[in-house]
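Summary of structural features
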Amino acid sequence: MAQHDLYDDHSLTHEELKYREHTERAAHFIKIDLFRSAREEFKAALGYKPGDEKCLLGITSMNANIQRDKKTVLVVAPIVIAIIAAIAIFA
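Quick caveat: nothing in here was measured; it's all calculated off a predicted structure. (Residues numbered from 1 in each chain as written. Predicted model: local features only at pLDDT ≥ 70, side-chain atom pairs only at ≥ 80, totals over all residues. Heavy atoms only, no water.)

With that settled, the discussion passes to the overall build of the protein chain. When helices and strands are counted, the protein chain shows 3 helices and 0 strands. Order of helices (α) and strands (β) in the protein chain, N terminus to C terminus: α-α-α. Taken over C-alpha atoms, the radius of gyration comes to 20 Å for the protein chain, far larger than the 12 Å a tight globule of 91 residues would show. By principal-axis analysis of the C-alpha atoms, the protein chain measures approximately 70 × 35 × 15 Å. In the protein chain, buried positions account for 25% of the 91 residues. In the protein chain, once contacts between residues fewer than 6 apart in sequence are set aside, the share between residues at least 24 apart is 40%. Working note: accessible area of the protein chain is about 6,700 Å², and carbon and sulfur atoms make up 64% of it. Of the charged side chains in the protein chain, 12 are positive and 13 negative; the average position of the first set lies 9 Å away from that of the second. (Helix = DSSP H or I, 4+ residues; strand = E, 2+ residues; numbered from the N terminus. Rg over C-alpha atoms; globule rule 2.2 N^0.38 Å. Buried < 20%, exposed > 50% of the residue type's maximum accessible area, 1.4 Å probe, protein only. Contact = heavy atoms within 4.5 Å. Areas by Shrake-Rupley, 256 points an atom, 1.4 Å probe, with all protein chains shown as cover. Lys, Arg positive; Asp, Glu negative; His and termini not counted. Charge placed at Lys NZ, Arg CZ, Asp CG, Glu CD.)

The structure is reproduced here in structure tokens:
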């Protein structure tokens, strides 16, 4: 399958090209659950298209994912620490 290249379309303005670079990079980060990096890419894309709905929704979505992951860590971390402490005490 041929890879789509952003640079093939020579009719794009510099701003549109940079916007697409950032939004495509954000999509790649989302696929591997790097939500903070994706959020930063959406913010960078806003610099080229201020007020863009896709970017604003992306930032909102990434913030929700970050909060969900934060809650998961806050639940799991104490359990892991307790297990490690129990192993250290009883070993």
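Helix α3 (residues 53-90) packs onto helix α2 (residues 35-46) with a crossing angle of 160° between their chain directions and a minimal axis gap of 9 Å. Between α2 and α3, the angle is such that the two are roughly antiparallel. Our pair here, α2 against α3, has a crossing hand that is left-handed. Side by side, α2 and α3 meet where Phe-35, Arg-36, Ala-38, Arg-39, Phe-42, Lys-43, Ala-45 and Leu-46 of the first sit next to Lys-54, Cys-55, Leu-56, Gly-58, Ile-59, Met-62, Asn-63, Asn-65, Ile-66, Arg-68 and Asp-69 of the second. Grouping the constituent residues of the contact of α2 with α3 by class yields 10 nonpolar, 3 polar and 6 charged. (Axes fitted to C-alpha atoms, helices over the stretch in contact; angles between N-to-C directions. Parallel < 35°, antiparallel > 145°, perpendicular 65-115°, else oblique. Left-handed = near helix turned anticlockwise from the far one by under 90°. Nonpolar A, V, L, I, M, F, W, Y, C, P; charged D, E, K, R; others polar.)

Within the structure shown, the criterion is met by 7 salt bridges. Arg-20 is the salt-bridge partner of Glu-16, the closest N and O atoms lying 3.0 Å from each other. Of this pair, Glu-16 and Arg-20 both sit in helix α1 (residues 14-31), 4 residues apart, which is roughly one turn of the helix. (Salt bridge = Lys/Arg side-chain N within 4 Å of Asp/Glu carboxyl O.)

In a soluble, globular protein the nonpolar side chains are often hidden away together inside. If you look at the biggest cluster of nonpolar residues, it comprises 11 residues: Tyr-19, Ala-26, Phe-35, Ala-38, Phe-42, Ala-45, Leu-46, Cys-55, Ile-59, Met-62 and Ile-66. When contributions to this core are tallied by element, the ones reaching two or more residues are α1, α2 and α3. When residues in this core are grouped by element, the largest group, 5 residues, is from α2. Residues within four places of Cys-55 in sequence aside, it is in contact with Tyr-19, Thr-23, Phe-42, Ala-45 and Leu-46. (Core = buried A, V, L, I, M, F, W, Y, C linked by side-chain atoms within 4.5 Å.)

Let's shift gears to unusual backbone geometry. With a phi angle near 60°, Asp-33 is a residue other than glycine that sits in the positive phi range. Residue position: Asp-33 is located in the loop between α1 and α2. Given the relative accessible area of 52%, Asp-33 is considered exposed.

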